[in-house]
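These are the residues of each chain, in order.
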Amino acid sequence: MRRRRAAVAAGFCASFLLGSVLNVLFAPGSEPPRPGQSPGPSPAPGPGRRGGRGELARQIRARYEEVQRYSRGGPGPGAGRPERRRLMDLAPGGPGLQRPRPPRARPLPDGAPGWPPAPGPGSPGPGPRLGCAALRNVSGAQYLGSGYTKAVYRVRLPGGAAVALKAVDFSGHDLGSCVREFGARRGCYRLAAHKLLKEMVLLERLRHPNVLQLYGYCYQDSEDIPDTLTTITELGAPVEMIQLLQTSWEDRFRICLSLGRLLHHLAHSPLGSVTLLDFRPRQFVLVDGELKVTDLDDARVEETPCTGNADCILEFPARNFTLPCSAQGWCDAMNEKRNLYNAYRFFFTYLLPHSAPPSLRPLLDSIVNATGELSWGVDETLAQLEKVLHLYRSGQYLQNSTAGSQAEYQRLPDSAISQEDYRCWPSYHHGGCLLSVFNLAEAVDICENHAQCQAFVVTNQTTWTGRQLVFFKTGWSHVVPDPSKTTYVRASG
């Protein structure tokens, strides 16, 4: 496995660093056939399969038509058509390198979406469009992983910004199983690349703070296949549930709130209600603490048709739900409810109630129970999550929990305590007790409830909700000057 990853990453780096021609088209071999014209040379059937060439061509056409539907699905933000030209000149990629023969240009399909801004130097952010030329001198290429169809890499652009690159995995299960069945490597690549193309279109059509940003896309010759597609996206960190369980409740709540906002957006998107058929933590990433969906090639927009309620059974490993069949012949809100129950079983049930402030537990339990029973839709679920945020950010959850501490603390401005740490859980610092507080009264209340606590240090750092971070200490024998902090020590007597 290690040898394979190294080979894949090495081949990927070489293809970029040797200055392969990158051009912006819309899909390898994706143009629709003209009336009366064949879609192109049919792939040869694989061993043991009769009529294989026609079946592969049918699957390619079906995926192409699906991408076309999503491209045309409503106005959406930034709709338009990409320029019908290459985004880079054909100059050599470096001294002594030969210019490759450019692949044939093909027309883009009608209704293709526009593209969001590319990252500027440093951290990703607004800037000129990220064209293929930006990948000519990337550095630090790192293989991050692969799934059924795609491989993902991390690279650093010449300006310093780190981005993620996705491409069809030539050693992946999707391409390999197709080649074994049909014996047509190029045709199978086209079939797999349409999944990547579908994801690219959906990332653009569904733009939202909790959808991974698409920065651009490129084509290059790779191995024996011309015009292989690479998408360029925002870089995120994988969602590791074991690690998340060790983080503060505030950060875990942020992930659940992000997910609630995402599901609300998917239920009311310009394309209609979108469901994620492959809904697992690995389909998401964290970007600066926000949860974002990154894998959309298995998303579906169409609701399930029905003639009665028996056609609207929503099946999960632990239980099933029967939803009503609407008068229009569609299972009512099935896409939305599938997303919501998956959010419950993969995220809410683990992250929401665990070590939450006691006064918020009843509301959080209601959210978990209602989503687990599908008695709420995404609108009500998001409304309740936003209510929790308001109570927490405003400090209203403290009204009955910080009444009347009798302890007195001496204030030592411009100072900190360099040692005398103790561990508490959950903490923002693994070597000490670092918690967020709404105000000084909450800090005093926490210190009074920790048997080890004799002092605390208020920092000038805040969390995403604006709460201050405070170190809690076992004593104050190592007070040092620090203009960015204020120390409070328990008064003697």
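Treat the numbers as computed from the prediction; the structure is a model and nothing was measured.

Q: Could you give an account of the sheet that holds strand β17 (residues 479–490), with specific residues and numbers?
A: If you walk across this open sheet you meet the five strands as β13-β17-β15-β16-β14, and the pairing is antiparallel. The sheet is open, and its two borders are formed by β13 (409–417) and β14 (433–437), each paired with just one other strand. Taken over all neighbouring pairs, the strand axes of this sheet differ in orientation by 35° on average, direction set aside. Of the pairings in the sheet, the one linking strand β15 (residues 455–462) to strand β16 (residues 468–473) comprises five bridges and is antiparallel in character. Residue pairing across strands places threonine 462 opposite glutamine 468, the latter belonging to β16.

Q: Run through the state of the cysteines, naming residues and quoting values.
A: Summed over the entire model, instances satisfying the criterion amount to five disulfides. Disulfide partner of cysteine 312: cysteine 331, at an S-S distance of 2.1 Å. The sign of the -90° torsion about the S-S bond sets the cysteine 312-cysteine 331 disulfide as left-handed. One end of the pair, cysteine 312, is in the loop between β10 (299–300) and β11 (313–315); the other, cysteine 331, is in the loop between β12 (320–322) and α7 (334–351), and 19 residues separate them in sequence. The same class applies to cysteine 312 and to cysteine 331, which are both buried. Cysteine pairing for the protein, with bonded cysteines counted in sequence order: 1-2, 3-5, 4-6, 7-8, 9-10.

Q: I'd like a rundown of the packing of helix α3 (residues 173–182) against helix α4 (residues 185–205), residues and numbers included.
A: The interhelical angle for the contact between α3 and α4, taken along N-to-C directions, is 145°, at an axis separation of 9 Å. Considering how the two elements wind past one another, α3 and α4 form a crossing that is right-handed. Contacts between α3 and α4 involve Asp174, Leu175, Cys178, Val179 and Phe182 on the former and, on the latter, Arg185, Cys188, Tyr189, Leu191, Ala192 and Lys195. A per-class count over the contact of α3 with α4 returns eight nonpolar, no polar and three charged.

Q: Outline the sheet that holds strand β4 (residues 214–222), supporting the account with residue identities and numerical values.
A: Two pairing modes exist for strands in a sheet, parallel and antiparallel, and in both the strands are linked by backbone hydrogen bonds. Read from one edge to the other, the open sheet built from five strands follows the order β1-β2-β3-β5-β4, with strand pairing classed as antiparallel. Looking at the sheet topology across the chains shown, the edges are occupied by β1 (139–146) and β4. Within the sheet, the average angular offset between the axes of one strand and its neighbour, ignoring direction, is 25°. The strands touched by α4 within the sheet are β2 (150–156), β3 (162–168), β4 and β5 (225–233), with β5 carrying the most contacts at an inclination of about 25°.

Q: Summarise the side chain of lysine 198; cite the residues concerned and give the values.
A: Among the secondary structure elements, lysine 198 is positioned in helix α4. Those residues within four positions of lysine 198 in sequence are excluded, and the remaining contacts are Glu66, Val67, Tyr70, Leu296, Asp297, Asp298 and Ala299.

Q: If you had to explain α4 to someone new, which residues and values would you point to?
A: Compared with an ideal rise of 1.5 Å per residue, which puts 21 residues at 30 Å, α4 spans 30 Å between its outermost C-alpha atoms and is within 8% of the ideal. With 18 of 21 residues buried, α4 is to be regarded as a mostly interior element.

Q: Explain the pairing of strand β9 (residues 290–293) residue by residue, including any values.
A: Here β9 shows two buried faces, one formed by Glu290 and Lys292 and the other by Leu291 and Val293. Sheet analysis places strand β8 (residues 284–287) next to β9, joined by four bridges and oriented antiparallel. What sits directly across from leucine 286, in β9, is leucine 291. Counting the residues between successive antiparallel strands, the hairpin from β8 to β9 contains two residues, one of them, aspartate 288, with a positive phi of roughly 50°.

Q: Quick one: what's the story with unusual backbone geometry, residue by residue and with numbers?
A: Residue proline 426 is reached from tryptophan 425 by a cis peptide bond, and omega for that bond is -5°. Within the secondary structure layout, proline 426 lies in the loop between β13 and β14. Positive phi, normally seen in glycine, also occurs at leucine 374, with a value near 55°. Examined against the element boundaries, leucine 374 turns out to sit in the loop between α8 (361–373) and α9 (378–394). A relative accessible area of 9% means that leucine 374 is categorised as buried. In this structure, aspartate 414 is a non-glycine residue whose phi angle is positive, near 55°. By secondary structure assignment, the location of aspartate 414 is in strand β13. Its relative accessible area of 47% is what places aspartate 414 among the partly exposed residues.

Cut-off values and rules
- Residues numbered from 1 in each chain as written.
- Predicted model: local features only at pLDDT ≥ 70, side-chain atom pairs only at ≥ 80, totals over all residues.
- Heavy atoms only, no water.
- Pairing = 2+ DSSP bridges.
- Helix = DSSP H or I, 4+ residues; strand = E, 2+ residues; numbered from the N terminus.
- Axes fitted to C-alpha atoms, helices over the stretch in contact; angles between N-to-C directions.
- Disulfide = S-S within 2.5 Å.
- Buried < 20%, exposed > 50% of the residue type's maximum accessible area, 1.4 Å probe, protein only.
- Left-handed = near helix turned anticlockwise from the far one by under 90°.
- Contact = heavy atoms within 4.5 Å.
- Nonpolar A, V, L, I, M, F, W, Y, C, P; charged D, E, K, R; others polar.
- Expected span 1.5 Å × (residues − 1).

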